[in-house]
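Listed below, chain by chain, are the residues.
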Amino acid sequence: MMDACEQAHEAFLDALVTGHPEPGVAVPHLAVCPRCANEFSGLRQTWQALGALPEVTTGDPVRARLLKRIRRAVVWESLCTWSGWVPAALAATTGVGLSLALALLVPYSLVVWLCQQLLQLSGTHVGPYVVAGAVYGLPSAAGAWVWRRQRTAIGRVIGTLEASALFLAILVPVAAFQCREFGSAQQAAFVWGLAGGAVVFGLAGLGLARAPRVRARP
Amino acid sequence: MTGFASDAPDRDEALMASVREGDVHAFRILYTRHHRAVFAFALRSLGDRGEAEDVLQETFLRVYTGRRQYRPLAVFRAWLFTIARHQVIDQIRRRRVQPLLETEDSLEPVAHPAASPLQELEAREFSDRVGRALACLPSARREVVLLSRVAGLTHEEVARVTGQSLAAVRVALHRALRDLQTLLARP
């Protein structure tokens, strides 16, 4: 069984560590035991001596090197791990769903016709097909919300490009099949427009879907 | 409103939850907040600035790459210093010698422009004395002192970091302070 002095040790160590302003109040035993009071006083001096050690610090180069290594780790994670590809697949699937829903509501041929009217170009000119394809690439921007809190800028860009690649891998065969009534040059122009739109709108979406930054005391 | 402190957005644990989602900005805040303590712990454990910087980098790199292993209920500081402690141990194992504590060159303190040359000299001498006294402690006790005093961890956090019981931490700290007191009292 612990005696009063031993029991007081625990309490006065706690008073020391927490920096209690009045250890005599925190540990009443100190008032009645000169031996413990003396020991406490000595330990407090040692504790204070340790606290008075000069501050040591590192410079900015260490921080810069660390952030460089973090960026490298982010690139590796984005390209070589499941955790990098799963959000890309999620973003791509969302984009494909939206693009197909858009195609269902507004057929490709209608958008091509609208683009021809807008650009005042003839029926065989590939320009309206490129623009129409880009319109159906627009939903890839919706996938950007997946990255809004994610990673560094480089990580978000890699993620968006991965998502765009998956978006196109799924959507291009479907789009090519759906616009089979177009001529081969117009079909190719439509697919190129779709690819360009997916990449450009995906990256543009990144700029719009920025998460609010954490504000905190340093 | 819950009123729990853990809901505060700038608490370490809340920031670490953001880091888990890949938020590098939250990671930078955590680094800014804790890098001095980790560096001081590493430097005073190893006595070599270069090695301590390696430990600092490796620790925070592991915080980021291992962010998914962090459990939201765990105290961040305890988790951080568990990683730092392992890095220090690895560093010591790599060089296969006892830590060379507190050489004057490696422990260059932050310069205070207001301090006179005499004050700086006294501070350096004092730092060297404390450093030498720390170096004389058995490593387990030194570790507890550094985690408590230099890193500013609570007894509970030190117990988690070192894998000891709370009672064992208190005993180690008590003995370490007594030893230091004796060592510092020597002329």
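Residues numbered from 1 in each chain as written. Chains lettered and ligands numbered in written order. Predicted model: local features only at pLDDT ≥ 70, side-chain atom pairs only at ≥ 80, totals over all residues. Heavy atoms only, no water.

This part covers the overall build of chain A. Counting secondary structure elements, chain A contains ten helices and zero strands. Listing every helix and strand of chain A by position from the N terminus yields α-α-α-α-α-α-α-α-α-α. Expressed as a percentage of its 218 residues, the buried residues of chain A come to 42%. Long-range pairs, those at least 24 residues apart, make up 73% of the contacts in chain A between residues at least 6 apart in sequence. (Helix = DSSP H or I, 4+ residues; strand = E, 2+ residues; numbered from the N terminus. Buried < 20%, exposed > 50% of the residue type's maximum accessible area, 1.4 Å probe, protein only. Contact = heavy atoms within 4.5 Å.)

So, on to the overall build of chain B. Across its full length, chain B holds eight helices and zero strands. Starting at the N terminus and ending at the C terminus, chain B contains elements arranged as α-α-α-α-α-α-α-α. Every one of the 187 residues in chain B was classed for burial, and the buried ones make up 49%. Accessible surface for chain B amounts to roughly 9100 Å². Of this, 53% is attributable to carbon and sulfur atoms. (Areas by Shrake-Rupley, 256 points an atom, 1.4 Å probe, with all protein chains shown as cover.)

Of the residues lining the interface, 44 residues belong to chain A; the matching set on chain B comes to 53 residues. Each partner contributes to the roughly 4800 Å² buried at the junction of chain A and chain B, and carbon and sulfur atoms together form 62% of this total. Counting across the interface, chain A meets chain B through three salt bridges. Between Glu 77 of chain A and Arg 67 of chain B there is a salt bridge, and its shortest N-O distance comes to 2.9 Å. At the boundary of chain A and chain B, one finds six residue pairs in polar contact (both at pLDDT 80 or more). At the level of elements, helix H1 (4-17), helix H4 (34-51) and helix H5 (60-80) of chain A are the ones that each hand at least two residues to the side of chain A that touches chain B. (Buried area = accessible area lost by both parts, 1.4 Å probe. Salt bridge = Lys/Arg side-chain N within 4 Å of Asp/Glu carboxyl O. Polar contact = N/O pair within 3.5 Å; in protein donor to acceptor, adjacent residues only side chain to side chain.)

This part is about helix H1 (residues 12-20) of chain B. Regarding H1 of chain B, the residues found buried are Asp 12, Glu 13, Leu 15, Met 16, Ser 18 and Val 19 of chain B. For H1 of chain B, the secondary structure elements touched by its buried residues are helix H2 (24-46), helix H3 (49-65) and helix H4 (76-95) of chain B.

Turning our eyes to something else, we now look at the nonpolar core. Phe 81 and Leu 134 of chain B are the most contacted members of the largest nonpolar core, which totals 75 residues. If one sorts the elements of this core by residue count, H2 of chain B sits on top with 14 residues. Excluding anything up to four places from it in sequence, Phe 81 of chain B contacts Ala 37, Val 38, Phe 41, Leu 147, Ala 151, Leu 153 and Val 161 of chain B. Residues Val 111, Leu 168, Ala 189 and Ala 198 of chain A belong to the second largest nonpolar core, which totals 21 residues. (Core = buried A, V, L, I, M, F, W, Y, C linked by side-chain atoms within 4.5 Å.)

Next up on the list: the confidence of the model for chain B. Residues and elements named next belong to chain B. Per-residue confidence for chain B gives a mean pLDDT of 81; residues scoring 70 or more make up 81%. Mean pLDDT values over the elements of chain B span from 77, in helix H5 (residues 117-136), up to 93, in H3. In the predicted structure, residues 1-7 sits below a pLDDT of 50 and forms three contacts with residues beyond four places in sequence or in another chain. Taken over the whole predicted complex, pTM reads 0.73, whereas the ipTM for its chain interfaces reads 0.75. (pLDDT = per-residue confidence, 0-100.)

All names here are of chain A. Given a rise of 1.5 Å per residue, 24 residues ought to cover 34 Å, and the 34 Å separating the end C-alpha atoms of helix H6 (residues 82-105) matches this to within 8%. Where H6 is concerned, the buried positions are Gly 84, Pro 87, Ala 88, Ala 91, Ala 92, Gly 95, Val 96, Ser 99 and Ala 103. Elements that come into contact with the buried residues of H6 comprise H5, helix H7 (108-119), helix H8 (127-137) and helix H9 (153-178). (Expected span 1.5 Å × (residues − 1).)

With respect to the helices, strands and loops of the structure, Trp 82 of chain A is situated in helix H6. Here the alpha-carbon distance between Trp 82 of chain A and Ile 170 of chain A, two residues 88 residues apart in the chain, equals 19 Å.

Residues and elements named next belong to chain A. On the surface, Leu 118, Leu 119, Leu 121, Val 126, Val 130, Val 131 and Val 135 cluster together into a nonpolar patch covering about 530 Å² of accessible area. For the nonpolar patch, the leading source of residues is H8, giving three residues. Considering the arrangement of structural elements, one finds Leu 118 in helix H7. The exposed category is assigned to Leu 118, whose relative accessible area is 74%. (Patch = residues over 30% accessible without salt bridge, like charges linked within 9 Å, V, L, I, M, F, W, Y side chains within 5 Å.)

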